[in-house]
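# Examination of the molecular architecture
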Amino acid sequence: MTVQASARAVTARSAIMRAAERLYATEGFAGVSIRQIGEAAGQRNKSAVQYHFTSRDELVKAILAEHAEAMEVHRLAMMSRLGEPGGMSPRDRIRCVVLPHIEHHIDLGVPSWYGRFLAQVVVEPALREYAVSVHLERPSLRRLYDATREPGEPDPGRTARREAMTRVLIVHMCAELERDLAAGDATAASAATAWRRLGDDLVTAVRGLLGALRSDPR
C-alpha cells in the first residue's frame, strides 16, 4: 500500500468512526444501518464500512478503544501526580476514576457524541461486556477499583455491584450533559465549566454512594 493510499484509508476509517458514533448516539443501534453510516461518512463505495471494519461490532470496538486510550492518558497523568492507588485518599481515588471522563469530554469539544454513544453501547446486549472490559476497565482503572476493595468482603458480588453503580452513574450523567450541551448554544469555555461542575458533583455523589453502601449493616 502506498503512503497516499494509506493516508486515504486512515481518513476513511476516521470518517466512518465519527459518522457511526454520531448516528448511534442520536438514533440508537436499531435505527442505523451500515449503509447509512457509509453514506454519512461520504463513502461512495457501499461496502466501505465492511472493508475497513468487517462488521458493526468491530466498528464499535474500534471507537471504544480510541476513546479508552485517550482517557487512559488523562488517568495515568493524574495517577503519576498522586502516587499508587493504595496510598491515595478515598476522594483522590474517586477523582482518578471520574475526572478522565470529564477531561476527555472537554477535549472533544461541542458538539460531541461519545457520551451518548457509550450510553447506547452499555445497554446493547452484544456489546455491553466488551464495553465494560475494554473501555471501562483499563488496567489503571482496575488498580483504582482494587484499592477500594474491603478486605474480607463476605459478598464478592457486592463489590461488583458497587463498581457497576459507579459506572452507570458516570456514563449516563455524562450522556445527559452532552445531550443538553448539544441542544443549546454552549461555547467551548461554558461547556468546559459545565463538564467540570459535573465532575465535581460526580466525585461527591460516588463518594457518598460508596460510603453509604459500606455503612450498610448487611
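Each remark here, short or long, concerns the structure printed above.
Now for a look at the structure at hand. Nothing here was measured: the structure is a model prediction, and the numbers come from that model.

With that settled, consider the overall build of the protein chain. Scanning the protein chain for helices and strands turns up 10 helices and 0 strands. Ordering the α and β elements of the protein chain from the N terminus gives α-α-α-α-α-α-α-α-α-α. For 218 residues, the compact-globule formula gives about 17 Å, and the C-alpha radius of gyration of the protein chain, at 19 Å, lands near that figure. Considered along the principal axes of its C-alpha atoms, the protein chain spans approximately 60 × 40 × 35 Å. In the protein chain, which comprises 218 residues, the share counted as buried stands at 41%.

Three or four residues apart is the spacing at which side chains of an α-helix point the same way, because the helix has 3.6 residues per turn. For helix H6 (residues 114–121), the tally of buried residues reaches 7 of 8 residues, placing the bulk of the element in the interior. Listed in full, the buried residues belonging to H6 are Tyr114, Gly115, Arg116, Phe117, Leu118, Ala119 and Val121.

Further remarks concern unusual backbone geometry. Of note, the bond from Val110 into Pro111 is cis; its omega dihedral lies within 30 degrees of zero at 0°. Relative to the elements of secondary structure, Pro111 occurs in the loop between helix H5 (90–108) and H6. In this structure, Thr54 takes a positive phi of about 70° despite not being glycine. If you trace the backbone, Thr54 turns up in the loop between helix H3 (48–53) and helix H4 (56–82). Taking relative accessible area as the criterion, Thr54 reaches 60% and is therefore assigned exposed.

Within this structure, the stated rule accounts for 1 aromatic pair. Plain terms: the ring middles of Tyr24 and Phe29 are 4.3 Å apart, the flat faces sit at 25° to each other, and that makes the pair stacked. Both residues of the pair, Tyr24 and Phe29, count as buried. We note Lys61 situated over the ring of Tyr130; from NZ or CZ to the ring centre the distance is 4.8 Å.

Another point: empty space enclosed by the protein. Per the counting criterion, the structure on display carries 4 cavities of 30 Å³ or more. Looking at the largest cavity, it is lined by 14 residues, and the ones nearest its centre are Tyr145, Thr148, Thr166, Leu210 and Arg214. Among the elements of the structure, H5, helix H8 (139–148), helix H9 (156–183) and helix H10 (188–215) are those that each provide at least two residues to the lining of the largest cavity. A total of 4 residues in the lining of the largest cavity trace back to one element, the largest contributor, which is H9.

All right, on to the side chain of His105 then. Examined against the element boundaries, His105 turns out to sit in helix H5. For His105, a relative accessible area of 1% corresponds to the buried category. Not counting the four nearest positions on each side in its chain, His105 is found in contact with Ser112, Tyr114, Gly115, Cys174, Glu178 and Trp195.

Attention shifts here to the packing of H4 against H5. Viewed as axis vectors pointing N to C, H4 and H5 meet at an angle of 135°, and their least axial separation amounts to 9 Å. Considering the angle they form, H4 stands oblique to H5. As H4 packs across H5, the resulting crossing turns out to be right-handed. Here His67, Ala70, Met71, His74, Arg75, Met78, Met79 and Leu82 of H4 come into contact with H5, specifically with Asp92, Arg95, Cys96, Val97, Leu99, Pro100, His101, Glu103, His104, Asp107 and Leu108. A class-by-class count of the residues in the contact of H4 with H5 yields 10 nonpolar, 4 polar and 5 charged.

Parameters and conventions
- Residues numbered from 1 in each chain as written.
- Predicted model: local features only at pLDDT ≥ 70, side-chain atom pairs only at ≥ 80, totals over all residues.
- Heavy atoms only, no water.
- Helix = DSSP H or I, 4+ residues; strand = E, 2+ residues; numbered from the N terminus.
- Rg over C-alpha atoms; globule rule 2.2 N^0.38 Å.
- Buried < 20%, exposed > 50% of the residue type's maximum accessible area, 1.4 Å probe, protein only.
- Phe/Tyr/Trp six-rings, centres within 6.5 Å; stacked < 30°, edge-to-face > 60°.
- Lys NZ or Arg CZ within 6 Å of the ring centre and 35° of its normal.
- 1 Å grid on protein atoms, 1.4 Å probe; cavity = no way out; pocket = protein on both sides within 12 Å on 5 of 7 lines; lining within 4 Å.
- Points joined across faces, edges and corners; volume = space filled by probe spheres on them.
- Contact = heavy atoms within 4.5 Å.
- Axes fitted to C-alpha atoms, helices over the stretch in contact; angles between N-to-C directions.
- Parallel < 35°, antiparallel > 145°, perpendicular 65-115°, else oblique.
- Left-handed = near helix turned anticlockwise from the far one by under 90°.
- Nonpolar A, V, L, I, M, F, W, Y, C, P; charged D, E, K, R; others polar.

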